[in-house]
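Geometric and topological summary
Each chain is listed here by its residues.
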Amino acid sequence: MIKMVDWLEDLIIGLSSLSAECSFGGRSYSLEDTWHPDLGEPFGVMHCIQCYCEPQKHRRGKKFGKVNCKNIKQDCPDLDCDDPVLLPGNCCKSCPKGRKERNDPLLDGFEFLNENSKDDDLHKSYNDRSYQSSEDTNPGESRSDFVALLTGVTNSWLPSSSGVARVRLTLTRTSLTFSITYERTSRPTKVVFMDSDGTTAFEYKIPKEPSDMICGVWKNVAKPLLRQLQSEQMRISMATSGSRGGELEGKIIKHRALFAETVSSILTSEKENSGMGGIAMLTLSDSENNLHFILIMQGLIKHKEPVMVPIRVQLVHRQRVLREIRANITSHDPDFAEVLTNLTSRELLLLYRGQLEITIETQGQDPRRISGFITSRKSCDTIQSVMSSGDTLTPGKTGGVGSAIFNLHSNGTLDYKVQVAGLSSEVLGLTIELKPRRRNKRSILYDLTPEYSKSSGQAEGSWSPMEARYIHMLLQNELFINVATAHYQEGELRGQIKALPYSGLDVPRYELPTPLAGYFVSPPVRTGASGHAWVSVDKQCHLHYEIIVAGLSKADDSTVNAHLHGLAEIRDLEDSGSSHKRLLTGFFGSQAQGVLKDISAELLQHLDQGTAFIQVITKMNPQGEIRGRGNMNPVHVPNSCKLGVGGDGEEAEFGDFFVKDPEEIKKDPHTCFFENQYHAHGSNWTPNYDPCFSCSCQKRTVICDPVICPVQTCSRTIQPEDKCCPVCDDRKEPKDMKALKKVEEHPEGCYFEGDQTMHAPGTTWHPFVPPFGYIKCAVCTCKGSTGEVHCEKLTCPVLTCSHPVRRSPSDCCKECPEEERTPAGLQHGDMMQGDGPRKCKFGKNYYQNSDSWHPWVPLVGEIRCINCWCDHGVPKCQRKQCPILSCSNITRTDGSCCPKCAEAGLITKKAPEKGRNRRH
């Protein structure tokens with residue numbers, strides 16, 4: 001029902017986000033996307049309504065999306081058959097199979113969807129991070145790798161740069177992550193993506209960090225740009241401080257070698273301002289010591305016409321040539337691929353220790369040369385592993401967990417940090433292994449047991465020297481880590497060591513994550529699953545999280561939810577009433593990530609104190625499958641996000657817990673624009689046009705209510721100029737004035753969440769509850785000594801008349817009229833009154849309790865197949881139950897809700913009626 005109302009609001013209001021996407025019904029769509037709106041149960045997908053994210057352009061040239069929806073039923077083609085039928089999930093009727101049907105080009109524009117199809121992902125939000133990240137971990141996902149070689153611009157009278165950069169890009173759904181390495185240039189300040197026309201499509205400002213890597217992500221890439229990216233029509237430029245814009249530039253191309261690449265090199269020239277450069281991508285054969293490599297070069301050949309130019313490629317160690325290859329290339333095809341066979345063990349050792357140099361030199365007059373050292377592949381990804389009992393060679397369910405992170409240096413040294421918890425017995429072995437060739441036949445490569453500490457449950461050290469073949473297997477996700485215990489000597493925990501793609505989230509992946517285990521759940525759960533999580537809070541007080549889960553069975557994996565809980569004290573862990581539970585996300589697969597922006601002050605305080613825990617629940621264990629918590633494994637995120645102080649230390653105004661970034665507010669599709677200002681969803685403020693009103697933003701809708709003043713008990717009142725409500729003016733200083741002075745002298749008071757305002761001690765007021773406004777059926781009081789807000793519901797007197805009336809819509813209690821009469825109409829104020837059954841609001845209409853109706857949907861009209869009724873203030877709807885037909889030829893007449901048999905006289909069975917009896 002909520003989904004239905006939200007969709008109506010989106011369609012009626014017709015507002016759109018000012019970003020390069022469309023927001024509709026709580027989902028985000030890329031430019032040029034089309035979809036059929038899903039109204040949720042019991043309405044389902046509206047197949048005759050087609051929505052389109054239409055690209056728009058601002059005056060400054062910035063693109064944004066606008067939602068247009070239309071009824072496509074009138075565009076259905078005319079059919080030649082006599083008895084067309086409407087198939088489930090379709091908008092247009094079609095001829096039965098075997099009947100003559102005229103071809104019509106209009107049919108090409110329709111998408112016929114099956115409501116029961118599990119493969120239909122048309123209505124899934126491709127920008128929803130939880131859906132996207134779950135797909136990242138599934139085999140066969142839609143993922144493409146790209147590369148760009150950036151060199152100095154030479155088509156200008158200005159001197160070219162000597163720098164060279166390599167950009168590795170990965171496209172998953174509509175997010176493009178990129179990692180950049182560079183040589184012979186200072187740290188860049190920005191990266192610009194340009195479309196086929198040379199127009200800036202996306203700009204990334206590079207943070208000032210002491211790192212030789214640049215990591216970034218471009219989210220929600222528009223569909224037209226995705227097509228240009230796939231067809232290799234986009235370019236990248238990169239500028240440094242104090243230099244002209246676009247100092248380095250290059251074309252983005254797809255390359256099959258990126259998937260297998262394990263070592264690489266950036267090739268530069270010793271000449272200043274040469275504009276030359278190149279990159280080398282190399283990998284070993286899976287079984288033999290053969291080195292495959294591909295060279296991509298720019299500026300090495302001066303000829304513009306396709307002339308064959310001889311080159312010499314050498315592998316060099318300390319100016320000694322180990323291998324040499326000669327070949328010919330052209331300016332139109334400067335790339336070069338080759339295989340060096342039968343590398344010696346020494347050559348392999350030097351290769352993966354970063355001591356081999358590759359050089360490319362043209363032959364003949366005016367030779368040109370570029371070179372660079374070969375190192376292990378550099379990336380913004382994180383090498384990690386989650387160990388679980390469900391992934392052991394003999395799967396089990398012990399409830400334990402293991403977690404590890406790795407860092408591979410350019411000299412071939414592998415640093416590792418490992419932690420285990422919740423084991424059934426003491427650790428006997430901690431090893432890095434190969435995939436067994438035979439069942440239960442382990443192949444141990446390296447023993448980490450000597451570095452394991454029994455007291456901390458951790459191991460930290462380095463594997464050096466790591467053999468070249470094992471480095472290759474590590475970067476190909478072919479290694480495993482195993483934990484053997486006294487009760488499970490072949491392995492209680494096991495996990496695959498693999499690269500976790502860079503996500504763009506501000507989480508500390510360089511630190512050991514928080515382990516998640518069934519052992520930490522209360523009561524403990526013996527599960528084969530485990531996981532780990534990284535959590536951080538940024539300067540805007542937004543929570544970034546990344547959760548990895550392993551060992552879930554297929555039944556458990558059908559639905560996974562992650563929650564973040566905050567506890568007042570760690571000893572109250574068993575007391576569910578004291579926890580502050582907040583849903584992070586629901587996800588499928590083994591990974592969830594995202595950003596939580598609207599966090600309570602209590603939860604932030606628990607994160608700061610280390611009294612918070614993360615829990616993952618599944619269908620099999622709805623009370624918790626795995627958890628990380630307590631003084632053993634707390635989620636400890638130090639932050640300064642407190643009431644009145646933002647993460648950057650600046651003071652915030654009363655009425656907001658945190659200072660929100662105006663640019664972030666603009667991007668939120670639920671933001672309201674009022675009096676030339678943007679207001680966040682859920683915020684309250686006093687409008688400029690009348691200080692005696694209070695306004696709130698509810699999903700792009702501004703609701704303003706007059707301030708309702710409480711009744712004063714004193715005999716005499718005055719109206720202060722700066723106040724909306726009168727105050728007492730007794731000779732003795734009135735209670736409210738004393739309270740007013742007290743709050744000036746002592747800033748203690750009460751903060752009320754409804755109006756997000758501080759109230760002076762001792763004052764009373766009617767609570768403000770968005771979106772209903774002021775509620776006169778309750779009175780709140782600020783307890784000055786404790787700072788607590790105490791609200792009481794007013795009790796209406798018992799009336800003797802049969803038809804009481806409400807004098808004003810804002811009045812709480814009804815009164816007996818002078819003459820018996822019934823209110824002429826239903827008022828908005830009736831929705832939150834203290835007496836009588838509550839009414840329902842559905843769309844723009846109000847309904848009395850027990851009323852029933854058929855919903856009306858814009859562009860469609862009345863839906864007679866849906867019955868709705870008002871149940872004590874809650875609108876409920878259900879699809880009409882149709883009889884079960886036993887005939888083979890079924891048809892549906894216009895205006896009817898249920899299908900019927902095309903042939904007369906056939907027996908039908910009445911479907912069992914569900915739900916309550918309703919009035920039609």
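Presented here is a report on the structure given in the accompanying data block. Fair warning: this is a prediction, and the values are worked out from it, not measured in the lab.

Reading the values: the criteria
Residues numbered from 1 in each chain as written. Predicted model: local features only at pLDDT ≥ 70, side-chain atom pairs only at ≥ 80, totals over all residues. Heavy atoms only, no water. Helix = DSSP H or I, 4+ residues; strand = E, 2+ residues; numbered from the N terminus. Buried < 20%, exposed > 50% of the residue type's maximum accessible area, 1.4 Å probe, protein only. Contact = heavy atoms within 4.5 Å. Areas by Shrake-Rupley, 256 points an atom, 1.4 Å probe, with all protein chains shown as cover. Core = buried A, V, L, I, M, F, W, Y, C linked by side-chain atoms within 4.5 Å. Pairing = 2+ DSSP bridges. Salt bridge = Lys/Arg side-chain N within 4 Å of Asp/Glu carboxyl O. Polar contact = N/O pair within 3.5 Å; in protein donor to acceptor, adjacent residues only side chain to side chain. Disulfide = S-S within 2.5 Å. Axes fitted to C-alpha atoms, helices over the stretch in contact; angles between N-to-C directions. Phe/Tyr/Trp six-rings, centres within 6.5 Å; stacked < 30°, edge-to-face > 60°.

Points about the overall build of the protein chain
Within the protein chain, the secondary structure is distributed over eight helices and 64 strands. Here the protein chain holds 920 residues, and 49% of them are scored as buried. Sequence separation of 24 or more characterises 56% of the internal contacts of the protein chain that already satisfy a separation of 6 or more. Accessible surface, the protein chain as shown: approximately 47200 Å² in total, 48% of it carbon and sulfur.

Some details on the environment of Ile 325
Within the secondary structure, Ile 325 is located in strand β18 (residues 320–329). The buried category is assigned to Ile 325, whose relative accessible area is 12%. Sequence separation of Ile 325 and Ile 360 is 35 residues, and the distance between their C-alpha atoms is 9.6 Å. Once residues within four sequence positions are removed from consideration, Ile 325 is found in contact with Phe 293, Ile 311, Arg 312, Val 313, Phe 336, Glu 338 and Leu 340.

Some words on the nonpolar core
One finds Phe 336 and Ile 360 to be the most contacted residues of the largest nonpolar core, which totals 61 residues. Per element, the largest residue contribution to this core is six residues, and it comes from helix α5 (residues 468–475). When near neighbours in sequence (up to four residues on either side) are disregarded, Ile 360 contacts Leu 267, Leu 295, Met 297, Leu 300, Ile 311, Arg 312, Val 313, Arg 368, Arg 369 and Ile 370. With 51 residues, the next largest nonpolar core counts Met 46, Trp 218, Met 238 and Tyr 847 among its residues.

A short note on the pairing of strand β17 (residues 309–317)
The element β17 is largely enclosed, with a buried count of seven among its nine residues. Here β17 folds back onto β18, and the loop between the two strands holds two residues, one of which, Arg 318, carries a positive phi near 55°.

So, the pattern of salt bridges
Opposite charge on two side chains makes pairing possible when the charged atoms of those side chains draw close. Counting across every chain of the model gives 16 salt bridges. Between Glu 261 and Arg 166 there is a salt bridge, with its nearest N and O atoms 2.8 Å apart. Residue Glu 261 is found in the loop between β13 (248–254) and β14 (263–267), and its partner Arg 166 is found in strand β7 (residues 164–172); the two are separated by 95 residues along the sequence. Assessed through its relative accessible area of 1%, Glu 261 is described here as buried. Take Arg 166: its relative accessible area is 6%, and that puts it in the buried class. Residues Arg 168 and Glu 261 are paired through a salt bridge, measuring 2.9 Å at the closest nitrogen-oxygen approach. Taken together, the positions of Arg 168 in strand β7 and Glu 261 in the loop between β13 and β14 put the pair 93 residues apart, joining distant regions of the chain. We classify Arg 168 as buried; its relative accessible area is 12%. Linked through salt bridges whose partners overlap, the residues forming this network are Glu 433, Arg 442, Glu 490 and Arg 494.

Points about the side chain of Gln 314
Inspection of the secondary structure puts Gln 314 in strand β17. Gln 314 sits in the buried class, given a relative accessible area of 12%. Here the side chain of Gln 314 touches Glu 324 through a polar contact of 2.6 Å, side chain to side chain. Those residues within four positions of Gln 314 in sequence are excluded, and the remaining contacts are Val 321, Arg 323, Glu 324, Glu 357, Ile 358 and Thr 359.

A closer look at helix α3 (residues 223–230)
Buried within α3 are the following residues: Pro 224, Leu 225, Leu 226, Gln 228 and Leu 229. Considering only its buried residues, α3 is in contact with β6 (143–152), β7, β8 (175–183), β10 (200–205), β11 (213–218) and β13. Phi turns positive one or two residues past the end of α3, at Glu 232, with a value near 60°.

Some thoughts on the sheet that holds strand β44 (residues 701–706)
Spatially, three strands are ordered β42-β43-β44 in an open sheet, and the strand pairing comes out antiparallel. Taken across any chain shown, the strands that pair with only one partner, and hence form the sheet edges, are β42 (684–685) and β44. In this sheet, strand β43 (residues 693–698) lies alongside β42 in antiparallel orientation, the contact comprising two bridges. The residue bridging Trp 685 from the neighbouring strand is Cys 695, located in β43.

Description of the state of the cysteines
Tallied over the entire structure, the rule returns 12 disulfides. Two residues share a disulfide in this structure: Cys 51 and Cys 69, whose sulfurs sit 2.1 Å from each other. Taking the sign of the torsion about the S-S bond as the criterion, the disulfide between Cys 51 and Cys 69, at about 105°, is right-handed. Here Cys 69 lies in strand β5 (residues 63–71) and Cys 51 lies in strand β4 (residues 49–57), a separation of 18 residues in the sequence.

Describing the sheet that holds β10
The pairing of strands in a sheet happens through backbone hydrogen bonds and is either parallel or antiparallel. Strand order in the open sheet made by the eight strands is β10-β9-β12-β13-β6-β7-β8-β11, with antiparallel pairing throughout. Lying at the two open borders of the sheet, with one neighbouring strand each, are β10 and β11. In this sheet, adjacent strand axes meet at a mean angle of 20° when their direction is disregarded. Alignment of strand β9 (residues 188–194) against β10, held across five bridges, turns out to be antiparallel. Looking across to β10, one finds that Lys 190 is bridged to Lys 205.

Some remarks on the environment of Thr 764
In this structure, Thr 764 sits in strand β49 (residues 764–765). Separated by 27 residues in sequence, Thr 764 and Cys 791 have C-alpha atoms that sit 9.2 Å apart.

Notes on the packing of aromatic side chains
What characterises a pair of aromatic rings is the spacing of the ring centres plus the angle enclosed by the ring planes. Applying the stated criterion across every chain yields a total of 14 aromatic pairs. For the pair Phe 178 and Tyr 204, a centre-to-centre distance of 5.4 Å together with 85° between the ring planes defines the contact as edge-to-face. Of this pair, Phe 178 sits in strand β8 while Tyr 204 sits in strand β10, and the two are 26 residues apart along the sequence. Residue class for Phe 178 comes out buried when judged on its relative accessible area of 1%. Taking the centre distance of 6.4 Å and the plane angle of 65° together, the rings of Tyr 416 and Tyr 446 count as edge-to-face. In this pair, Tyr 416 sits in strand β25 (residues 414–421) while Tyr 446 sits in strand β27 (residues 443–447), placing the two residues 30 residues apart along the sequence. A connected cluster of aromatic rings, assembled from ring pairs, spans Phe 178, Phe 193, Phe 202, Tyr 204 and Trp 218.

What about the side chain of Glu 433?
When you line up the elements, Glu 433 lands in strand β26 (residues 427–434). A polar atom in the side chain of Glu 433 sits 2.8 Å from the side chain of Thr 431. Of note is the side chain of Glu 433, whose polar atom sits 2.7 Å from the side chain of Arg 494. Not counting the four nearest positions on each side in its chain, Glu 433 is found in contact with Arg 442, Ser 443, Ile 444, Leu 445, Leu 479, Phe 480, Asn 482 and Arg 494.

With respect to helix α4 (residues 345–352)
Listed as buried for α4 are Glu 347, Leu 348, Leu 350, Leu 351 and Tyr 352. Two residues or fewer after α4 comes Gly 354, characterised by a positive phi angle close to 75°.

Topic: unusual backbone geometry
Of note, the amide linkage connecting Ser 464 to Pro 465 takes the cis form, showing an omega dihedral of -5°. Among the secondary structure elements, Pro 465 is positioned in the loop between β29 (458–463) and α5. For the bond from Ser 522 to Pro 523, the omega torsion is -5°, close enough to zero to count as cis. Counting through the fold element by element, Pro 523 comes out in the loop between β32 (514–517) and β33 (530–537). Within the chain, Cys 541 stands out as a residue other than glycine whose phi angle is a positive 65°. Position of Cys 541 relative to the elements: it lies in the loop between β33 and β34 (543–550).

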